[in-house]
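Listed here are the chains, written in short residue letters.
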Amino acid sequence: MKVIAIDGSPRKGGNTEALLKRVCDRLNTHGIETEIIKIGGELLSGCTACGACFKTKNKRCIIYNDPMNEWMEKIFEADGILLGSPTYFSDVTMEMKALIDRLGYVAIANDQALANKVGAAVTAVRRAGAQHTLDTMNHLFSILQMPIATSSYWNIGYGAAKGEAEHDVEGMQTMDNLAENMAWLMKCIEAGKGTVPPPKIDRSQQMNFIRLEAEA
């Protein structure tokens, strides 16, 4: 099994990276392969809502001038996805938001291609706003039918300067417990394959809340 971890921080060797590494190191002890992909600092395009991914259905975004499709290919092949972002004005970085929007749309367009893969998120923060940042990342998992791994506390590490989050002993403990829960959930899903059929999902009914009356 493999987990792809996404580092949305533009800072190299920063606190977000430290949190992701802590989770990945513990996952490795369970025999789960991990890879950290740094997207922070890349010049990424946001989703343009063109709808091309619903026509091509090839698990790719029509925007080819950045590495997004390369990252998405690895994410679709993984068994778990770990998102990490620092807290920027109580939310994720621009790079992480671009990934969320484009990855989410492509996954939905390709028959919920991330359904039943395990998702988890972590965030680094100086003082406040981290809860909303976590919520933003978890919203991706919740709409894509991905079980969300939780921990013994919110998945937050506190620190401003590089390396400070590593001194947040409770934060690091939270990362360890997150990894334990993520590994357990992934193993349960893997063990159930071939024995417990995946849930049957009906997405045939869609409803908009504004209806314009037809012209007479």
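Located above this text is the structure these notes cover.
Please read these numbers as outputs of a predicted model, since none were measured by experiment. (Residues numbered from 1 in each chain as written. Predicted model: local features only at pLDDT ≥ 70, side-chain atom pairs only at ≥ 80, totals over all residues. Heavy atoms only, no water.)

Novice: Just checking my understanding: could you explain the overall build of the protein for this structure?
Specialist: In terms of regular secondary structure, the protein is built from 6 helices and 5 strands. Of the regular secondary structure in the protein, the N- to C-terminal order runs β-α-β-α-α-β-α-β-α-β-α. The C-alpha radius of gyration of the protein comes to 18 Å, within 12% of the 17 Å expected for a compact globule of 216 residues. Taking the principal axes of the C-alpha coordinates as reference, the protein spans close to 70 × 45 × 30 Å. The proportion of buried residues among the 216 residues of the protein is 46%. A total of about 11,800 Å² of accessible surface is found on the protein, and carbon and sulfur atoms cover 53% of it. Once the 23 positive and 26 negative side-chain charges of the protein are each reduced to a mean point, those two points are 2 Å apart. (Helix = DSSP H or I, 4+ residues; strand = E, 2+ residues; numbered from the N terminus. Rg over C-alpha atoms; globule rule 2.2 N^0.38 Å. Buried < 20%, exposed > 50% of the residue type's maximum accessible area, 1.4 Å probe, protein only. Areas by Shrake-Rupley, 256 points an atom, 1.4 Å probe, with all protein chains shown as cover. Lys, Arg positive; Asp, Glu negative; His and termini not counted. Charge placed at Lys NZ, Arg CZ, Asp CG, Glu CD.)

Novice: It is not clear to me how the sheet that holds strand β2 (residues 33-38) should be interpreted in this structure. Could you clarify?
Specialist: Two orientations exist for strands paired in a sheet by backbone hydrogen bonds: parallel and antiparallel. Spatial ordering of the open sheet is given by β2-β1-β3-β4-β5, a layout of 5 strands whose pairing is parallel. Whereas interior strands pair on both sides, the edge strands pair on one side only; in this sheet they are β2 and β5 (156-158). Put simply, the sheet's adjacent strands are angled 15° from each other on average, direction ignored. Of the strand pairs in this sheet, strand β4 (residues 118-125) and β5 are connected by 3 bridges, and their pairing is parallel. Across the sheet, the residue bridging to V125 is Y158, located in β5. Seen against the sheet, helix α3 (residues 68-77) touches β1 (2-7), β2 and β3 (80-86) and runs at an angle of roughly 160° to β2. Docked against the sheet, helix α5 (residues 130-143) engages β3, β4 and β5, running at close to 160° with respect to β4. (Pairing = 2+ DSSP bridges. Axes fitted to C-alpha atoms, helices over the stretch in contact; angles between N-to-C directions. Contact = heavy atoms within 4.5 Å.)

Novice: Is there a simple way to explain unusual backbone geometry in this structure?
Specialist: It is generally the case that most residues other than glycine have a negative phi and that most peptide bonds are trans. A positive phi is found at A49, a non-glycine position, where the angle reads about 55°. Here A49 lies in the loop between β2 and α2 (52-56). A relative accessible area of 56% means that A49 is categorised as exposed. Even without glycine at this site, K59 takes up a positive phi of about 60°. Along the chain, the position of K59 falls in the loop between α2 and α3. A residue is classified by how much of its surface remains accessible, and K59, at 40% relative accessible area, is partly exposed.

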